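Chain residues, written in single-letter form:
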Amino acid sequence: MPRYRPHVAARPSWRCRVCGAAWPCSPAQLALLGEYRENRTGLLIYLATVMHEAGADLADLNGQAAPEGG
């Protein structure tokens, strides 16, 4: 029986470790919606945090300064 593998981001590229799509891929989006079903504010905070981290990672990959902002 195949084991479930969570669709998580591979840093610093922010591609899904399972399917290779840009993260959050469709399965990751569904998992996040299920996990944060009762806490949409928490989901927004989490996504804002990872967006900030992704911006810094992707800027570093491209030899640019990280985006400013809080």
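## Quick look at helix α2 (residues 40–61)
Link 1 in the chain: In this model, α2 (22 residues) spans 31 Å end to end at C-alpha, consistent with the 32 Å of a helix rising 1.5 Å per residue.
Link 2 in the chain: For α2, every residue scored as buried is listed here: Gly-42, Leu-43, Val-50, Ala-54, Asp-57 and Ala-59.
Link 3 in the chain: Elements that come into contact with the buried residues of α2 comprise α1 (26–35).
Link 4 in the chain: Backbone geometry just after α2 places Gly-63 at a positive phi near 70°.

## Here we look at the nonpolar core
Link 1 in the chain: Counting 11 residues, the largest nonpolar core consists of Ala-9, Trp-14, Cys-16, Trp-23, Cys-25, Ala-28, Leu-32, Tyr-36, Leu-43, Val-50 and Ala-54.
Link 2 in the chain: Breaking this core down by element, the ones donating at least two residues are α1 and α2.
Link 3 in the chain: Tallying contributions element by element places α2 first for this core, with 3 residues.
Link 4 in the chain: Apart from residues lying up to four places away in sequence, Ala-28 is in contact with His-7 and Trp-23.

Thresholds, definitions, all that
Residues numbered from 1 in each chain as written. Predicted model: local features only at pLDDT ≥ 70, side-chain atom pairs only at ≥ 80, totals over all residues. Heavy atoms only, no water. Helix = DSSP H or I, 4+ residues; strand = E, 2+ residues; numbered from the N terminus. Expected span 1.5 Å × (residues − 1). Buried < 20%, exposed > 50% of the residue type's maximum accessible area, 1.4 Å probe, protein only. Contact = heavy atoms within 4.5 Å. Core = buried A, V, L, I, M, F, W, Y, C linked by side-chain atoms within 4.5 Å.

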